[in-house]
Amino acid sequence: ASTPPPGLLEKVFQYIDLHQDEFVQTLKEWVAIESDSVQPAPRLRRELLRMAGLAADRLRGLGARVASVDVGFQQLPDGQTLPIPPILLAELGSDPKKPTVCFYGHLDVQPARQEDGWLADPYMLTEVDGKLYGRGTTDNKGPVLAWINAVSAFKALDQDIPVNIKFLIEGMEEAGSLALEELVRKEKSGFFSSVDCIVISDNLWISRRKPALIYGTRGNSYFTVEVKCRDQDFHSGTFGGILNEPMADLVALLGSLVDASGRILVPGIYEHVAPVTEEEKRVYEAIDLDVEEYRNSSQVKRFLFDTKEELLMHLWRYPSLSIHGIEGAFHEPGAKTVIPGRVIGKFSIRLVPHMDMSVVETQVKQHLEYIFSKRNSSNQMTVSMALGLHPWIANISDHQYLAAKRAIKTVFGTEPDMIRDGSTIPIAKILQDTTQKSVIMLPLGAVDDGEHSQNEKINRWNYIEGSKLFAAFFLEMAKLHS
Ligand SMILES: Cn1cncc1C[C@H](NC(=O)CCN)C(=O)O
Ligand SMILES: [Zn+2]
Ligand SMILES: [Zn+2]
């Protein structure tokens, strides 16, 4: 193991404190770019390309070797073709005596318009009471820059960085990380071969002030179920009474999926869910969560469960089924007497270890076919699994978790909450399986940052202390390397 010079970290922290306004300024410049990957518009794709260019320049400014990998085009269902922004593969240092840590982040954002209820222009970073408001501040431009800030502090102080650094930066995460899986496969024995661990900072703490480490995320199987009589609508005055109505079939199908207590009714679905251990229960007990405050701030009268332990288990380690919407249904206001001719229901099942996606797919299809057959309807039903995203779970005895815990202790003076996340980061499992490297999720943002929501923000404190956390993490990784 290498020993960094004494006092190095203090110098780095001091540099970060003194230069925090510059770091906020860069975040402001990045937030100003409307890098929305969700809406398929040529203007926004140009913004994404501009964002990738700006980030590549910033990384080159640090002395990194940057490959801006062209990954082609996105084909939309309506026939439109749009460019996918390049994926950046950057590397800084290749000392065989040092460990190599790779940071994954994304620079695309969710859509945002001031009219949706933002207090200021979402693309104009606005600081109020230490909160930096703007689209992408916490998801994920702030954390990407925090990693860059950490590296830049070593560089500016002319100090040797104790680890080799790699960056994997994409611009299509919010659209499902298009083309990324293929690139990861291609680079398995190239870019990724020298990597020791991969850091993702694309989730939040469970608290406003207490840091967390994330060791698991749920996956997702997203289904569509179409019920079709014909391609046109009917008038209920002229056809009502003599049809098997597609909406009635669909509502029955969707109504058969989950009961009022949240239990999924698809037979066999809980078969492969990992059993809860006593040791695991203690993990939930140890987490600092004020259930009443959480419930009130969520503006929910009553959750399905009352205790902290049950709530956490149902968010993190049990599957859940959510019904998202119905295409073709008459959802607008007014009293139109229509019978929709063809409707598509959408629902998804959050997956946990050790559920098998193809088993889930079969179970759901068989269940819906059974329910549908009992109705003896003359309509046509088509079920398909539109998305299959794997759950991810880390081995928390891997040494990057120890390094991260020590770094958190140094910067925040506390042990982290060891938590999981109920939502999905699709690339985590793919990175782990394809590259065979361990992944850690090291979030910087607070529970109330509002990712994907109006008035998304990152606290200045989280952004700056987070930059220090990454610097401390480099040192701890180096210390553990042998
Ligand atoms: C697109 N998609 C469809 N099924 C799952 C997803 C990913 C999405 N990911 C996030 O929100 C990241 C949160 N940090 C989610 O979990 O819904
Ligand atoms: Zn994100
Ligand atoms: Zn997001």
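Cut-off values and rules
Residues numbered from 1 in each chain as written. Chains lettered and ligands numbered in written order. Predicted model: local features only at pLDDT ≥ 70, side-chain atom pairs only at ≥ 80, totals over all residues. Heavy atoms only, no water. Donors = N, O, S within 2.8 Å, 3.2 Å for Na, K, Ca; no water. Tetrahedral: all angles 85-135°; square planar, octahedral: opposite > 155°, others 65-115°. 1 Å grid on protein atoms, 1.4 Å probe; cavity = no way out; pocket = protein on both sides within 12 Å on 5 of 7 lines; lining within 4 Å. Points joined across faces, edges and corners; volume = space filled by probe spheres on them. Helix = DSSP H or I, 4+ residues; strand = E, 2+ residues; numbered from the N terminus. UniProt positions renumbered as here; feature names shortened; annotations may be inferred. Buried < 20%, exposed > 50% of the residue type's maximum accessible area, 1.4 Å probe, protein only. Contact = heavy atoms within 4.5 Å. Polar contact = N/O pair within 3.5 Å; in protein donor to acceptor, adjacent residues only side chain to side chain. Pairing = 2+ DSSP bridges. Axes fitted to C-alpha atoms, helices over the stretch in contact; angles between N-to-C directions. Nonpolar A, V, L, I, M, F, W, Y, C, P; charged D, E, K, R; others polar. Domains from an automatic or database assignment.

A word on the coordination of the zinc ion (ligand 2)
Part 1 of the argument: Protein-derived ligands of the zinc ion (ligand 2) are His106 (NE2), Asp139 (OD), Asp202 (OD) and Asp202 (OD), with the metal-ligand distances lying across 2.0 to 2.5 Å.
Part 2 of the argument: For the zinc ion (ligand 2), the 4 donor atoms in the first shell make angles of 55 to 146° at the metal, so the coordination geometry reads as irregular.

Regarding empty space enclosed by the protein
Part 1 of the argument: For the coordinates displayed, the defined rule picks out 2 cavities of 30 Å³ or more.
Part 2 of the argument: Within this model, the largest cavity holds a volume of roughly 60 Å³.
Part 3 of the argument: What lines the largest cavity is Leu48, Met51, Ala52, Pro85, Pro86, Leu88, Leu107, Ile169, Glu170 and Gly171.
Part 4 of the argument: Ranked by residue count, the leading element in the lining of the largest cavity is helix H3 (residues 42-61), at 3 residues.

Brief notes about unusual backbone geometry
With the exception of glycine, most residues fall at negative phi, and the peptide bonds are largely trans.
Part 1 of the argument: Here Asp139 and Asn140 are connected by a cis peptide whose omega angle stands at 10°.
Part 2 of the argument: Tracing the sequence through the fold places Asn140 in helix H4 (residues 137-156).
Part 3 of the argument: With omega at 0°, the peptide bond leading from Pro353 into His354 counts as cis.
Part 4 of the argument: Backbone geometry at Asp129 places phi at a positive 50°, although glycine is not the residue there.
Part 5 of the argument: Along the chain, Asp129 turns up in the loop between strand E6 (126-128) and strand E7 (131-133).
Part 6 of the argument: At Gln299, a residue that is not glycine, the phi angle is positive and equals roughly 55°.
Part 7 of the argument: Of note, Gln299 is situated in the loop between helix H9 (291-297) and helix H10 (308-316).

Observations regarding the UniProt feature "active site" (unreviewed entry) in the chain
Part 1 of the argument: Per the UniProt record, "active site" (unreviewed entry) is annotated on Asp108 and Glu173. Spanning 66 residues, the annotated positions come together in the fold, the maximum distance between their C-alpha atoms being 6.7 Å.
Part 2 of the argument: According to the relative accessible area criterion, Asp108 is buried, its value standing at 0%.
Part 3 of the argument: When sequence neighbours within four positions are dropped, the list of residues in contact with Asp108 reads Ser35, Ser37, Leu48, Asp139, Glu170, Gly171, Met172, Glu173, Glu174 and Ala175.
Part 4 of the argument: Looking at Asp108, its side chain comes within polar contact range of the side chain of Ser37, at 2.6 Å.
Part 5 of the argument: Among the structural elements, Glu173 can be located in the loop between strand E8 (164-170) and helix H5 (180-186).
Part 6 of the argument: Aside from chain neighbours lying at most four places away, what touches Glu173 is Tyr104, His106, Asp108 and Asp202.
Part 7 of the argument: Separated by 3.5 Å, the side chains of Glu173 and His106 make a polar contact.

Some thoughts on the sheet that holds strand E15 (residues 342-351)
Strand pairing in a sheet relies on backbone hydrogen bonds, with the paired strands running either antiparallel or parallel.
Part 1 of the argument: With respect to topology, 4 strands assemble into an open sheet ordered E13-E15-E11-E16, the strand pairing being antiparallel. If you trace the sheet from one side to the other, it starts and ends with strand E13 (320-327) and strand E16 (380-389), each paired once. Recorded for the sheet is a direction-independent mean angle of 20° between the axes of neighbouring strands.
Part 2 of the argument: One ladder, built from 9 bridges, connects strand E11 (residues 219-228) with E16; its direction is antiparallel. If you follow Phe223 over to E16, its bridge partner there is Met385.

A few points about the sheet that holds strand E20 (residues 457-459)
Part 1 of the argument: What the 3 strands build is an open sheet, ordered E6-E7-E20; its pairing is antiparallel. The sheet terminates laterally at E6 and E20, the two strands that pair on one side only. Averaged over all pairs of adjacent strands, the angle between strand axes in this sheet comes to 25°, irrespective of strand direction.
Part 2 of the argument: Direction of pairing for E6 relative to E7: antiparallel, over a ladder of 3 bridges. From the neighbouring strand, Val128 faces E7, where its bridge partner is Lys131.
Part 3 of the argument: Where helix H14 (residues 460-480) meets the sheet, its contacts fall on E6, E7 and E20, and the angle it forms with E20 comes to roughly 65°.

A look at the coordination of the zinc ion (ligand 3)
Part 1 of the argument: Listed as protein donors to the zinc ion (ligand 3) are Asp139 (OD), Glu174 (OE), Glu174 (OE) and His452 (NE2); their distances from the metal cover 2.0 to 2.6 Å.
Part 2 of the argument: Because the angles between the 4 donor atoms bound to the zinc ion (ligand 3) fall within 54 to 144°, the donor set is best described as irregular.
Part 3 of the argument: Donor residues for the zinc ion (ligand 3), ordered by position in the chain, follow D-x34-E-x277-H.
Part 4 of the argument: In this structure, the zinc ion (ligand 3) lies 3.2 Å away from the zinc ion (ligand 2), the two metals sharing Asp139 as a donor. With Asp139 in helix H4 and Glu174 in the loop between E8 and H5, this residue pair connects regions lying 35 residues apart in the sequence. Glu174 matches Asp139 in its accessibility class, with the two residues each being buried.

Some details on the layout of surface pockets
One simple way to see leftover space: roll a probe sized like a water molecule over the atoms.
Part 1 of the argument: Its volume calculated, the second largest pocket comes out at about 570 Å³.
Part 2 of the argument: Secondary-structure elements contributing two or more residues to the lining of the second largest pocket are helix H8 (278-285) and strand E18 (417-421).
Part 3 of the argument: With 4 residues, H8 is the largest single contributor of residues to the lining of the second largest pocket.
Part 4 of the argument: Looking at the lining of the second largest pocket residue by residue, the classes come out as 14 nonpolar, 3 polar and 7 charged.
Part 5 of the argument: When residues of the lining of the second largest pocket are assigned to domains, at least three fall in each of domain 1 (8-217 + 391-480) and domain 2 (220-274 + 317-389).

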